[in-house]
Every structure is written in C-alpha cells, then in structure tokens.
Amino acid sequence: MEYAIETISLTKIFSDWWGRTKVFAVDNLDLQVRHNEVFGLLGPNGSGKSTTLKMLLGLLHPTKGKAIVLGGDGADPKINARIGFLPEESYLYRYLSARETLDFYGRIFGLAPKLRKMRIEALLDMVGLKAVANRAVGTFSKGMARRIGLAQALINDPDLLILDEPTTGLDPIGTRQIKDLILKLAERGKTVLLSSHLLADVEDVCDRIAILYGGKIQSQGQVKELLQQTNKRQIMTDALSDETVEKIKQLIQAESSECVVTSPLDKLESFFIRTVTAAQQQAQPTSGAVSTTKIGDFLTQQQTTESILDKLVAAPVSEETPQEPPATQKVAAAADSGSEPNEELLSRLTDSTEPPQPVPRVEEKEKVGTQPVDSHPVEQEPEKESILDKLVGRSPPEDGGEQETDKPQAGESGDA
Amino acid sequence: MRRIWAVATNTIKQALRMKIGVVFMVLLLVLLPVLGMTTTGDETLKGRLQTFVSYGLSLTSFLLCLLTIIISIYSVTSDIDQRQIYTVITKPIRRFQLLFGKLLGVLVLDIALLSVFSTIIFVLAIYTPVFTRPSESELIEADNEFFTARAALNVPPADVTEEVMDRYEKLKELDRLPPGYTYEQTIAELTKQAQLAKRAAGVGDMLVWEFNNVKPLSNSLFIRFKYDIFPNPPDSQVYGEWLAGDWQFLKYGQRPKTPIYDQIHKNAARTFHEIEFPAGVVPEDGRLGIAFVNVPYNNSAVIFPPDGLEVLYKADTFAGNFIRAVLLILFRLVFLACLGLFASSFLSFPVAILFCLVVFFTASFSGFVNDSFSLLSHNVGVFYSYTIQWIVGLLPQFDKYNPTKFIVPAKLVNWSLLARCVFFMVCIKALLALILGLIIFRYREIARITV
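Parameters at a glance
Numbering of residues begins from 1 in every chain and follows the order in which that chain's sequence is written. Ligands are numbered from 1 and chains lettered from A, in the order in which they are written. For a predicted model such as this one, the threshold for reporting local features is a pLDDT of at least 70, and the threshold for listing and counting side-chain atom pairs is 80 or more; totals across whole chains, interfaces and linings nevertheless cover every residue. The criterion for strand pairing is that DSSP finds at least two bridges linking the strands in question. Numbering of helices and strands runs from the N terminus, with a helix taken as a DSSP run of H or I at least four residues long and a strand as a DSSP run of E at least two residues long. Geometry is summarised by axes, namely lines fitted to C-alpha atoms with helices restricted to the contacting stretch, and by angles between N-to-C directions that run from 0 to 180 degrees. What counts as a contact here is a pair of residues whose C-beta atoms, placed from the backbone, lie within 7 Å. Buried, partly exposed and exposed are defined by the number of other C-beta atoms within 10 Å of a residue's own C-beta, namely 20 or more, between the two limits, and 12 or fewer respectively, with C-beta atoms placed from the backbone. Each residue is assigned to one class: nonpolar for Ala, Val, Leu, Ile, Met, Phe, Trp, Tyr, Cys and Pro, charged for Asp, Glu, Lys and Arg, and polar for all the others, Gly among them. Crossings are assigned a handedness: left-handed for a near helix turned anticlockwise from the far helix by less than a right angle, right-handed for a clockwise turn. Each domain's limits were defined by an automated method or a database of domain assignments.

Residue and element names in this part refer to chain A. Spatial strand order, S5-S6-S7-S3-S8-S9: six strands in an open sheet with mixed pairing. Where the open sheet ends on each side, the last strands, each with one partner, are strand S5 (83-86) and strand S9 (216-222). Direction aside, the axes of adjacent strands within the sheet are offset by 15° on average. Across the sheet, helix H5 (residues 142-154) is in contact with S5 and strand S6 (160-164); its angle to S5 comes to roughly 165°. Against the sheet, helix H6 (residues 172-187) engages strand S3 (38-42), S6 and strand S7 (191-196), with an angle of about 150° to S7.

Moving on, we come to the environment of Met118(A). All names here are of chain A. Mapped onto the secondary structure, Met 118 falls in helix H4 (residues 113-127). When the 24 C-beta atoms within 10 Å are taken as the criterion, Met 118 is described as buried. Separated by 80 residues in sequence, Met 118 and Leu 198 have C-alpha atoms that sit 34 Å apart.

Turning next to unusual backbone geometry. Cis geometry is adopted by the peptide bond preceding Pro231(B), which originates at Phe230(B) and carries an omega value of -10°. Structurally, Pro231(B) can be placed in the loop between strand S5 (228-230) and strand S6 (237-246). In this model, Asn28(A) sits at a positive phi of 50°, which is unusual for a non-glycine residue. Even without glycine at this site, Arg270(B) takes up a positive phi of about 65°. Structurally, Arg270(B) is set in the loop between strand S7 (261-268) and strand S8 (272-278).

Turning our eyes to something else, we now look at the interface of chain B and chain A. Listed per partner, the contact involves 26 residues of chain B and 30 residues of chain A. Contributing elements (two or more residues each) for the side of chain B that touches chain A: helix H1 (2-17) and helix H4 (84-89) of chain B. Each residue belonging to the side of chain B that touches chain A can be placed in one class, and the counts come to eleven nonpolar, seven polar and eight charged.

Residues and elements named next belong to chain B. Look at helix H10 (residues 318-344) against helix H11 (residues 349-364): their axes get within 9 Å of each other, and the N-to-C directions meet at 145°. Between H10 and H11 the crossing geometry is right-handed. Every residue of H11 that contacts H10 at Leu 336, Leu 339, Gly 340, Ala 343 and Ser 344 is listed here: Ala 352, Phe 355, Cys 356, Val 359 and Phe 360.

All names here are of chain B. If you check the domain split of chain B, you get domain 1 (2-146 + 318-443) and domain 2 (199-316). The C-alpha centroid of domain 2 is placed 37 Å from the C-alpha centroid of domain 1. Listed per partner, the contact involves five residues of domain 1 and four residues of domain 2. Mapped onto the side of domain 1 that touches domain 2, the elements with two or more residues apiece are helix H6 (136-145) and H10. Here the side of domain 1 that touches domain 2 is composed, by residue class, of one nonpolar, three polar and one charged.

The following block contains the structure:
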C-alpha cells in the first residue's frame with residue numbers, strides 16, 4: 001500500500017438516456033494521495049471534484065479506470081470502516097437529534113455501546129453542540145449541521161478522511177476551526193483528502209494539491225513548492241528604527257540587490273474575519289439577539305478540542321511527526337499557533353507578521369440563539385476533561401478498543 | 001444484524017416523527033371506537049357485530065396497507081432524494097443490509113400497529129353484547145353465527161364430462177349441432193347446461209348432496225344457501241323442505257344410521273339464508289347428507305347458484321379464527337412492504353407510490369381482473385398467455401385472502417388456507433419483489449449526477 005488513495009485513469013462520463021456522451025466529468029484522472037498527508041483537490045465549480053470523491057466511495061461507478069482506497073475498493077465495508085466521509089452538504093435525518101444522529105452512525109459502524117457513547121459525548125463537545133444535543137438537527141443552522149456532519153465523519157476514528165468542501169456554509173470562524181481540526185488530525189497520522197474551491201482553505205491546510213479543470217489534473221505538487229518564489233528573500237523582524245533599516249539597505253545594496261522595506265500585509269483571512277466581525281456587530285442591533293460572551297467559548301472549545309482529540313485519536317503525535325518533514329512542519333506550526341515558537345514558524349512559512357488568530361474576539365452569529373453553554377465556559381472545561389478522562393483514559397475495555405483501532409494507523413504512518 | 005437493526009429503528013423513528021404514521025394511527029384510534037358505537041347493521045346483535053367487525057377490519061387493513069406502501073417507499077426514496085444515503089452507504093454497511101433494515105423497521109411497525117388495532121376491534125366486539133343488552137335469542141344467534149369459527153363445506157361442480165360427451169355424440173348423429181359453434185364452444189355450452197341441470201330442482205323434485213369429513217365441535221350445524229327461482233313468483237318467496245341426516249338413507253333409502261331431521265322454510269330468493277340442524281344428523285363416519293325438496297306449491301323451478309350452498313359447523317373458537325384472519329392482513333402487509341422497497345429501488349417517490357397503489361388495487365380486485373382478462377383472452381389468446389396472464393399471475397390475490405370474507409359469516413380460516421397465503425403471497429411474490437429490489441439497488445448508482 002504505497003498510497004492511501006490511488007486512481008488509475010479514472011473516468012466518469014455522464015451520458016443521456018440514449019447512451020450518448022454528454023459530459024466528461026472526470027477524464028483519465030491519475031491521482032495519488034500518500035499516507036498521512038493533507039491533499040487538496042482544487043477546482044472551479046463543476047470541475048469533477050465531487051464526482052471524483054463519489055467514485056472513490058462507490059457512490060458513482062467509474063465509466064473507466066479504477067480507484068484504490070486504502071488498498072481496496074471504496075465501496076467495501078471493510079474499507080469503509082476506516083474512512084470518514086463528509087459530503088458536500090451535511091445530509092442529515094432532520095427528525096433525529098444531534099445525539100441520536102451520531103448514535104445512529106456509531107451503530108452503523110458497529111461500535112460497542114460504551115465506546116459509542118463515549119465518542120458521541122466527546123464529539124459533541126468537540127464540535128460545540130453539546131448544549132443542543134437533544135434538539136432535532138432539522139432545526140439546525142447550516143453551520144451547526146456542518147459540525148454534526150463533521151462529527152459523524154469522525155465517529156469511527158478514521159484513518160482516512162474524505163471531506164467534500166468541508167467549509168462551505170461555515171462562517172470564517174467556523175472555517176478556521178475546521179482548518180485547525182484538519183491540521184490536528186493530520187498531526188495524528190490521519191490522511192485527509194479534501195476538495196474545495198476556496199483557495200485560502202487549501203493553502204492553509206494542504207501539503208499537496210491538485211488543480212482540476214474539466215475533469216483533468218492541470219497542475220499538482222506541494223503547496224510550498226508551487227507557491228514559493230525562489231528568486232526572492234524576505235526578512236521578517238519586529239519594528240525597527242529607521243537607522244537600522246538604512247544600515248540593512250546599505251548591506252543589501254552592497255550585494256547589488258533590490259530592496260523594498262514595508263510593513264508586511266495582513267493575511268486576507270485575518271482581515272476578512274475582522275471585517276465580517278465588525279459587520280456582524282453592526283448588524284446585531286437590528287436583529288435583536290446580542291451575546292458577547294462567545295469568545296471564551298471558542299477558546300474553551302479549542303482547548304477541549306485538543307484534549308479530546310488527544311484522547312479520541314490517541315495516535316502518535318510529536319515523536320512520529322518528523323517523519324513527514326515538509327507536511328508536518330507546517331502542520332505543527334499552524335495547529336499550535338497559540339504557543340510562541342510555533343508562531344514564529346508559522347509566520348516564517350506564511351510570510352506574515354501577525355500570528356494567526358484562531359479565535360479572534362468574535363461571536364459567531366449562528367450560535368447566538370442556540371448555545372446557552374457559552375455563558376459558563378470556565379465551569380465546563382474541567383468537567384469535560386474529567387468525563388473524558390473517565391471515559392477514555394481510565395476505563396480498560398474502551399481503552400483496549402481504542403488501541404486496537406489505532407494500531408494499524410501507527411504502522412501506516414511508519415510506512416509512509 | 002446490529003447494523004440492520006440500527007437502520008430499522010431509524011426507519012421506525014422516521015415513520016413516527018415525520019408524522020406519517022401518526023396520522024394513520026390517530027385516524028384509526030378515533031374511527032374504530034366510533035364505528036363500534038355507531039354501527040347497527042340490521043338492528044340485531046349479530047348484524048351489529050358483523051357490520052362493525054367488517055368495517056373495522058377493512059379499515060384497519062386498508063389504512064395499514066397505505067401506511068406500509070408510503071413508509072417503505074418514503075424511507076428509501078427520501079434517503080436518496082435528500083441524500084442522507086451518501087453518509088449511510090459509505091459506512092461499513094452493505095446495501096442489502098440497508099434495505100433489510102428498512103424492511104424490518106416497516107414490519108416491526110406494522111406488527112405493532114396491527115396488534116394494537118386488531119386487539120381494539122376484538123375487545124370492542126367481545127364487549128358489544130355487554131353494552132347493547134340484547135335479547136336471549138339474539139345472544140344465541142350471535143354466539144352460533146358470529147362468535148365462532150365454522151368450517152364451510154361447498155358443493156363442488158358436478159363432473160358431467162361423460163354426460164356431455166354422450167349428448168354431443170347424440171346431437172352429432174342427429175345432425176342437430178348448433179351452427180356456427182366450434183367444438184370447444186359446443187362442449188362448454190353443453191357442460192354449462194348439464195351443470196345447471198344438476199343444481200336445479202323442478203316442481204316436486206329432490207336434490208341430494210353429500211358432504212364428507214363433517215366434524216362439528218358444537219351441538220349444531222348450519223346450511224347456508226341462496227335460491228334462484230324461475231319463473232319468479234310475485235312475492236319472490238320460495239318454500240323449501242330441507243332434510244339432513246345419513247347420506248345413504250337420503251340417496252338410496254337405506255336404513256338410516258342417524259335421526260333424520262326435516263324442516264320446511266319460506267325464504268326470499270336471491271339472498272343468503274341460514275338454517276340450523278342439530279349436530280346429531282352427522283353419522284360417525286362424517287358423511288352427511290343434505291336434501292332439498294322443491295315442494296309442489298312453489299309452482300316454479302328452484303336453482304342453486306354455483307356458490308349457493310354451504311354446510312357450516314363450528315370447528316374452532318372465535319379468538320383463534322380472529323388471530324388467523326389478522327395474520328392474513330399481516331401477510332398482505334409483508335407483500336406490500338417488499339413491493340414498496342422494490343419500487344423505490346428504481347423509482348422516485350411519486351412514481352413508486354403510484355405503481356404500488358395500482359398493484360394494491362388490482363390485487364384487491366384480483367378475481368375480477370383475472371376474469372376480465374381471461375374473457376379477453378378468447379380474442380388475443382397467444383399474446384395473452386405469454387404476457388398479461390403471466391403478469392397478472394404475479395399479482396397477489398388480496399380478495400381471495402380477505403379476512404372479512406371469513407370473519408363476518410364466522411367462517412373458519414383454516415391453516416391450509418393460511419399456509420397457501422404464506423407460500424404464494426410471502427414466499428413467492430413478496431420474496432421475488434424483494435430480491436429484484438435488492439439486485440437493482442445493489443447495482444444502481446446512488447449519487448445523483450452533478451457536474
């Protein structure tokens with residue numbers, strides 16, 4: 001198993017009723033996704049991204065060619081047990097509550113009741129829907145539905161995650177959270193294949209990308225290599241006095257190079273988040289529902305996310321990551337953006353001075369009415385921790401189950 | 001199995017929470033007691049019970065059939081339309097497991113609802129005599145002719161082949177064969193005439209029938225009959241002398257082994273009537289003879305239509321019979337659930353519903369449909385026998401296994417009938433639909449085409 005996903009001249013032709021060819025949705029696609037990498041399928045609308053993913057999973061039959069997923073057929077239940085799939089929209093049973101939804105999927109995976117229960121609670125916590133866990137998902141906003149969709153994709157602790165436009169319908173904050181989550185999962189040895197037409201998302205999380213157009217790969221490679229301008233150098237410092245700048249300029253001119261000194265630009269995403277936040281704040285008085293205590297919630301969630309994931313996934317983390325040098329360096333940087341050294345690393349990689357703000361001072365609009373949880377973020381955190389400790393860490397049978405599922409994964413990341 | 005059960009419980013939740021099931025349940029819960037209160041039938045206790053149980057069972061059966069069709073189709077097509085199936089089928093579950101899960105869910109729901117509603121009907125029927133305070137004779141009549149399960153013995157059409165052939169030869173000799181008739185048509189016409197003659201009694205004539213294996217459980221047995229009369233007297237009334245007892249005596253005048261009973265009745269023509277005889281008329285070997293004498297003052301010939309005579313005797317309890325009758329409804333639902341899954345494996349919701357409703361109504365009138373087609377077949381013989389006959393044969397016969405047909409006249413639903421129903425309706429027709437549905441569903445593309 002050299003690749004987690006490999007397609008061999010995969011082709012999908014949609015024909016009309018008489019069998020006449022109408023569209024080449026996917027055209028002789030040769031795609032390789034390595035283990036433990038985040039691979040992005042990029043392309044404009046209708047470029048064959050979703051069709052490719054659906055063929056990988058057996059939802060569509062290829063007209064020609066073959067798709068090998070985790071060394072087998074993507075429609076085989078044995079393979080499916082190791083895949084988490086999030087379709088382009090979270091298609092959920094409207095009449096089930098969030099908890100029942102996850103329970104249903106857990107049962108389809110054949111998870112034992114105890115393990116299932118533990119994972120459901122952990123996931124609900126992780127996606128921040130614990131407070132509305134008993135509400136029918138038909139009443140959920142698109143963003144909340146997306147979160148449940150993501151939770152169901154993770155309930156089997158998959159080795160391979162296939163995410164079809166994971167951030168559609170999410171606001172910038174939700175988008176940021178999903179991106180962080182993807183990075184964290186990659187850190188824990190998961191392979192992630194995602195499709196998107198949102199370039200910023202792909203750029204932030206993917207190790208390698210392929211750009212599709214008309215069902216064909218137009219370009220593919222490592223994000224860093226594709227984007228790096230090797231004929232230029234950038235030096236990033238804190239604010240400097242004009243004198244120092246002059247000295248540096250002289251030094252550089254001595255090497256007879258051009259030199260431009262500016263304050264670096266903010267990342268578009270950070271700027272966007274700030275703009276949207278401001279717009280949201282302006283809109284709020286008219287909509288009436290105001291709540292400003294959400295920031296803490298997101299911080300809490302992120303931290304819980306981390307701790308829960310550590311336990312849920314329980315895969316080798318820091319020791320094993322150096323095996324994937326280019327991918328994981330960046331991954332680590334963005335994921336742990338809260339800490340000092342990573343900030344540096346990240347800014348080095350993304351050419352930005354301002355450290356990414358995973359959780360800006362923003363309240364998420366869609367959660368305003370639905371998440372009373374937010375008012376006690378401080379109380380909740382230790383409680384979550386302890387529950388998880390109890391459920392995951394200490395109880396022997398579940399622990400055993402966890403390790404079982406994790407073993408092959410560790411092996412794979414070694415192979416890769 | 002765990003996965004199948006997960007899908008099944010989800011299907012049940014869907015039916016209950018999407019309010020499809022609830023509508024039907026509320027409708028039945030309201031209608032059944034109302035029916036119990038308002039039906040009066042022909043004002044006697046028996047009539048009241050018959051009307052109530054007839055309407056109650058028919059209504060329950062009809063509504064549950066509709067419910068089964070809708071749920072089984074909706075649970076699959078909505079998954080595909082609303083694409084929840086994308087997340088379900090990409091989990092470690094096989095497609096047949098998904099369909100089995102849906103089927104199981106529908107059946108569990110059906111069994112639960114059918115048990116509840118049939119229990120309500122049963123209890124209401126049992127307690128009707130308590131609330132209506134009928135006269136003693138009405139109570140006895142209800143006990144004998146409703147709260148019981150009576151085996152029914154019919155008179156098979158007489159074998160007249162020999163007679164017909166003789167007559168044909170004779171006509172041929174005399175060269176008086178009807179012109180323009182083929183051989184088959186002539187024979188069919190002659191057979192019809194000969195059989196009619198066997199069922200007809202001229203003025204003063206006696207007809208004798210023999211019934212085998214009569215084993216009454218109670219003290220009485222009943223003759224259920226209908227007269228046709230020609231020419232029709234002004235009041236349409238028929239006088240008939242009925243005799244019951246040892247067959248050997250009635251037919252050949254041998255010394256009777258049983259007491260012979262003799263009753264004279266005056267009944268209206270062209271409706272069913274029942275007369276009662278004591279069970280003592282049945283000899284030990286179970287060979288019962290029944291005779292009808294067309295008494296001279298009728299001045300008309302009396303004819304019994306082909307299904308116009310039955311001997312009824314108690315063979316089981318009402319409760320046992322009622323349960324078997326309800327099982328007939330259940331088998332019907334099993335078939336419809338399988339049919340619904342089959343239809344939804346390749347049709348969209350409205351088309352699948354239409355398809356199933358057509359099958360349902362055709363199956364409900366299968367006798368009529370079969371007759372019409374066989375009539376048609378005279379003109380399009382070859383085409384018919386290779387196409388329509390085959391398709392019509394695949395339809396189940398809901399009218400043949402209609403529970404009210406048995407419960408209302410307190411006729412026994414015997415085990416062999418039940419076994420036949422299971423075999424044809426469930427084991428062959430339902431299974432065929434299910435297997436076809438599984439095959440189609442197994443190979444179809446689940447995802448919608450989006451480029």
